[in-house]
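# Understanding the architecture of this molecule
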Amino acid sequence: MTTPAWRDPALPAADRVADLLSRMTLEEKTAQLYGVWVGADAEGGEVAPLQGEMSRVTDWDGLIAYGLGQLTRSFGTAPVDAAAGARALAAAQRRIAAAGRFGIPALAHEECLAGFTAWGATAYPVPPAWGASFDPELVEEMGRRIGADLRSVGVHQGLAPVLDVARDLRWGRVEETIGEDPYLVGTVGAAYVRGLESAGVVATLKHFAGYAGSAGARNLAPVRAGVRELADIVLPPFELALREGGARSVMAAYTETDGVPASADPELLTHLLREEWGFTGTVVADYFAVAFLRTLHRVAATKTEAAHVALAAGIDVELPTVDCYGSDLVAAVRTGDVPASLVDRAARRVLLQKCELGLLDEDFTPEHEGPVDLDPPGNRALARRLAEESVILLANPTGLLPLSPAARIAVVGPRAADPLAMLGCYSFPSHVLPHHPDVPLGIEIPTVLESLRAELPDTEVKFAEGCGVSDPDTSGFAEAVALATDADVCVAVLGDRAGLFGRGTSGEGCDVADLELPGVQAGLLDALIATGTPVVLVLLTGRPYALGRWETQLGASVQAFFPGEEGGTAVAGVLSGRVNPSGRLPLSVPRDPGGQPWTYLQPPLGLPSEVSALDPTPLFPFGHGLSYTSFAWGEFSGTEPVEIGTDGVYDLALSVRNTGERAGAEVVQLYLHDPVASVTRPEVRLIGYRRLELAPGEERRVSFRFHADLASFTGRSGSRIVEPGALELRLGPSSAEVRHTAQVTLTGPVRLVGPDRVLRCETADARVAPAG
């Protein structure tokens, strides 16, 4: 029997898919364009749909008779042992392959924002912690490990990373963003993508595009961003992750911008993404977003119209389950109301991806034998290292930290003894286990209290909760105050509880009116400070909170963004001094709880002025972070003004030496200041950085290659340009502190640049031999 061309792995994927499409009926093509939300049972048997009315399937065998595009979250819906889940997923794949004429399995996807969202899987730090590390290489290794875990149980696609640039810190999903700067988000996000894709897992970029700019910080609210905000702040991280990371999927955002929903926008999903950027992968809908075109956005009157609008815009796959892309769509194509070419276009993209993944090969097998460990020691070690690199020492004015082992320590606060204080809302214990209160966490998560006692075994450490995270009860204040009064130092561990849709203080749908600490935690902190005992504030949060009220009253302050399963150990290590803090703020810490939205990317009118009583200057700026050692910034190469063309390159370098008595990391940050331009520009913006690990006395020379493309912006015509004129390249340890400045003048004509422009400032460092 002759093997059909579509089964021949020696042929190009495009030829195989073309042959397959020529053999498929309309029903079979359409079946590739949607997923079904399923869950694996605890015994590893059959797969059954579990989620809500929209995802309830009453005729599983009838549904898969023509094939199936995707299986949605068979691990991320309910707690299931990993090995049993792998067996259940394999069983489902066998049924799907056996049901259809062509034996094509489904593509299985899962959430993996801060680790594989599955019971018993490693819970890594959330994305702001990745940004705080300023360590893309470490984030790439995390992505690689997450990808390997996904593949080990039969999952092909991960719905991560989130590349939204934080625009309003009140938004609940700030905990999912890498930070407030597009260069940091893009470089760190691309590293995660490289890691995930290197493991053979399709990375899905979220949320394309503008989602984080929703009005009033309300989830799914309209986005009122201008053309330049979209082009110069929102879109660059996606470009980086596609060009440098090789992401093979993009998820359209829920939101609408200037009246056009992203899921219905061919300019965004087809013209820009595919025709300008050259993207060839799949575009998937955010969950129920195709239906929302009818029910929320009201740009379609029927399910068929919603399907037509979404397909025409460029949505290839309806997730999480079939609603608009099913039998009604088939009927509309047969009557000519929806062009068959739209179904063919989407099916071709889906099948090309399945071909790349080996799902069209005759020898494909879904089987995964043997035990599965989704939280092995190597994962935990990596989670701990990333957590340690991400903890930020905000202030330490009197040297109270590290804590003295001889001190009597009072640990107070609602986040000190709760393991869930370490996790964001997309970690499995926070995301799913609230619906299964009798199921254990599935992973070990040491608390700050446990970890501090382990760090200082001979130190007296007493604990009082003081209050809850968000409830108004202050009855616990008295015990906490008494404990602090009798101690030499008080460690106040405050912060967020991650949750979904208002069930937490941070997370999806947990938007807030201002940046005051949740509940009565601010009152508790006031009471602790009033005792006169020195107070160390430790924040375990998904967003920054306003701390100006206590600027001169705290002995020290530490910020950790949901640092994952090893976060308690990392924070305690910083408090004890075992870990030298090296995190830098990916999000500014505001002084006052109002006056938002604000990020550091402000043109002159966004800065403090005499015409407004509101001063938006943050208490701690983007890029800020302290260390227990000291660094000297030495010889700098950029002391003389230079001229380069609008297509030119300029290299600058400086030396950094650890002048303290212990190893530490300095993060050298390069910012661009454009004094005069044809449109207003941010006062400064990050264009490069280098993390330097230095032993005591060690000196390294770090170099930056500035290309004129890095000064490009969207001009008045709507095109991206590089303008001639004077620039300043500013080097410093934060966005607000300048250590060195290089004067660079761009000469020549205005130059148009496109998607092939230089996106990254290349950096390197080398050890400087000691003198003599």
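First, a word on scope: everything that follows refers to the structure included in this document.

### Here we look at the overall build of the protein
Broken down by element type, the protein carries 20 helices and 29 strands. The C-alpha radius of gyration of the protein comes to 27 Å, within 12% of the 28 Å expected for a compact globule of 772 residues. Taken along the three principal axes of its C-alpha coordinates, the protein extends 80 × 70 × 55 Å. Here the protein holds 772 residues, and the buried ones make up 63% of them. Taking as baseline every contact in the protein between residues at least 6 positions apart, the subset at least 24 positions apart corresponds to 79%. For the protein, the exposed area adds up to about 27,000 Å²; of that, 51% sits on carbon and sulfur atoms. Across the protein, the 63 positively charged side chains and the 98 negatively charged ones have centroids separated by 2 Å.

### Looking at the side chain of threonine 177
Within the fold, threonine 177 resides in the loop between strand S6 (157–159) and helix H7 (182–198). Taking the relative accessible area as the measure of exposure, threonine 177 reaches 0% and is therefore buried. Polar contacts involving the side chain of threonine 177 include one to the main-chain carbonyl oxygen of valine 174, which spans 2.9 Å. Sequence-distant contacts of threonine 177, defined by excluding residues within four places in its chain, comprise Pro127, Pro128, Asp164, Ala166 and Trp171.

### Let's talk about the sheet that holds strand S4 (residues 70–72)
With parallel pairing, the seven strands of this open sheet are ordered in space as S1-S4-S5-S6-S7-S8-S11. Looking along the sheet, the strands with just one partner apiece sit at the ends: strand S1 (35–37) and strand S11 (282–285). Strand-to-strand twist in this sheet, taken as the mean axis angle between neighbours without regard to direction, amounts to 30°. Direction of pairing for strand S8 (residues 249–252) relative to S11: parallel, over a ladder of four bridges. Across the sheet, residue alanine 252 finds its bridge partner in S11, namely alanine 285.

### Some details on the packing of helix H1 (residues 13–23) against helix H14 (residues 340–356)
One can describe the packing of H1 onto H14 by two numbers: an axis separation of 9 Å at closest approach and a directional angle of 130°. Considered as vectors, H1 and H14 are oriented oblique to each other. Crossing hand, H1 versus H14: right-handed. The segment H1 lies against H14, with Ala13, Ala14, Arg16, Val17, Leu20 and Leu21 engaging Asp344, Ala347, Arg348, Leu351, Leu352 and Cys355. Residues belonging to the contact of H1 with H14 are distributed by class as follows: nine nonpolar, no polar and three charged.

### Examining helix H8 (residues 227–234)
Of all the residues in H8, the buried ones are Ala231, Asp232, Ile233 and Val234. For H8, the secondary structure elements touched by its buried residues are H7, helix H9 (236–243), strand S24 (713–714) and strand S25 (720–722).

### What to know about the sheet that holds strand S17 (residues 556–561)
As summarised here, the arrangement of the six strands in space is S12-S17-S16-S15-S13-S14, forming an open sheet in which the pairing is mixed. The sheet is open, and its two edges are formed by strand S12 (392–395) and strand S14 (461–464), each paired on a single side. With strand direction ignored, the average angle separating the axes of adjacent strands in the sheet is 20°. Along the sheet, helix H19 (residues 521–530) contacts strand S13 (409–412), strand S15 (489–495) and strand S16 (535–541); its crossing angle with S15, the most-contacted strand, is approximately 175°.

### Some points on helix H10 (residues 266–276)
All buried positions along H10 are accounted for by Leu268, Leu269, Thr270, Leu272, Leu273 and Arg274. Packed against the buried residues of H10 are strand S7 (202–208), H9, S8, S11, helix H12 (303–313) and H14. Here H10 starts with a cap whose side-chain oxygen sits 3.0 Å from the backbone nitrogen of glutamate 267, and that cap is aspartate 265. Glycine 278 sits one or two residues past H10 and shows a positive phi near 75°.

### As for the pairing of strand S21 (residues 664–673)
Within S21, 10 of the 10 residues are buried, which leaves the element mostly enclosed by the surrounding structure. The two faces of S21 match: Gly664, Glu666, Val668, Leu670 and Leu672 on one face and Ala665, Val667, Gln669, Tyr671 and His673 on the other face are all buried. The pairing of S21 with strand S22 (residues 685–694) spans nine bridges and is classified as antiparallel. Of the residues in S22, the one forming a bridge with glutamate 666 is leucine 692.

### A few points about the packing of aromatic side chains
Tallied over the entire structure, the rule returns 15 aromatic pairs. Pairing phenylalanine 208 with phenylalanine 238 gives two aromatic rings, centres 5.0 Å apart and planes at 70°, and the pair type is edge-to-face. One end of the pair, phenylalanine 208, is in strand S7; the other, phenylalanine 238, is in helix H9, with 30 residues separating them in the sequence. The buried category is assigned to phenylalanine 208, whose relative accessible area is 0%. Ring centres 5.6 Å apart and planes at 40° place the aromatic pair tyrosine 254 and phenylalanine 292 in the tilted group. Residue tyrosine 254 is found in the loop between S8 and strand S9 (256–257), and its partner phenylalanine 292 is found in helix H11 (residues 289–295); the two are separated by 38 residues along the sequence. Across this residue pair, the class does not change: tyrosine 254 and phenylalanine 292 are buried. Linked through ring pairs, Phe134, Tyr183, Tyr600, Phe622, Tyr671 and Tyr689 together constitute an aromatic cluster.

### Remarks on the nonpolar core
With 209 residues, the main nonpolar core has Leu71, Phe208, Tyr325 and Leu729 as its most contacted residues. Setting aside chain neighbours within four positions, we find leucine 71 in contact with Val36, Val38, Trp60, Leu89, Ala92, Gln93, Ile96, Ala106, Leu107, Ala108 and His109. Among the nonpolar cores identified, the runner-up in size contains 37 residues, and Ala123, Leu456, Val491 and Ala572 belong to it.

### Some thoughts on unusual backbone geometry
Residues apart from glycine generally show negative phi values, whereas peptide bonds are mostly found in trans. Cis peptide bonds are those with omega within 30 degrees of zero, and the linkage from alanine 160 to proline 161 qualifies with 5°. Tracing the sequence through the fold places proline 161 in the loop between S6 and H7. For the bond from leucine 319 to proline 320, the omega torsion is 0°, close enough to zero to count as cis. Mapped onto the elements of the fold, proline 320 is located in the loop between H12 and helix H13 (327–335). Unusually for a residue other than glycine, phenylalanine 134 sits at a positive phi of about 50°.

Conventions used here
Residues numbered from 1 in each chain as written. Predicted model: local features only at pLDDT ≥ 70, side-chain atom pairs only at ≥ 80, totals over all residues. Heavy atoms only, no water. Helix = DSSP H or I, 4+ residues; strand = E, 2+ residues; numbered from the N terminus. Rg over C-alpha atoms; globule rule 2.2 N^0.38 Å. Buried < 20%, exposed > 50% of the residue type's maximum accessible area, 1.4 Å probe, protein only. Contact = heavy atoms within 4.5 Å. Areas by Shrake-Rupley, 256 points an atom, 1.4 Å probe, with all protein chains shown as cover. Lys, Arg positive; Asp, Glu negative; His and termini not counted. Charge placed at Lys NZ, Arg CZ, Asp CG, Glu CD. Polar contact = N/O pair within 3.5 Å; in protein donor to acceptor, adjacent residues only side chain to side chain. Pairing = 2+ DSSP bridges. Axes fitted to C-alpha atoms, helices over the stretch in contact; angles between N-to-C directions. Parallel < 35°, antiparallel > 145°, perpendicular 65-115°, else oblique. Left-handed = near helix turned anticlockwise from the far one by under 90°. Nonpolar A, V, L, I, M, F, W, Y, C, P; charged D, E, K, R; others polar. Phe/Tyr/Trp six-rings, centres within 6.5 Å; stacked < 30°, edge-to-face > 60°. Core = buried A, V, L, I, M, F, W, Y, C linked by side-chain atoms within 4.5 Å.

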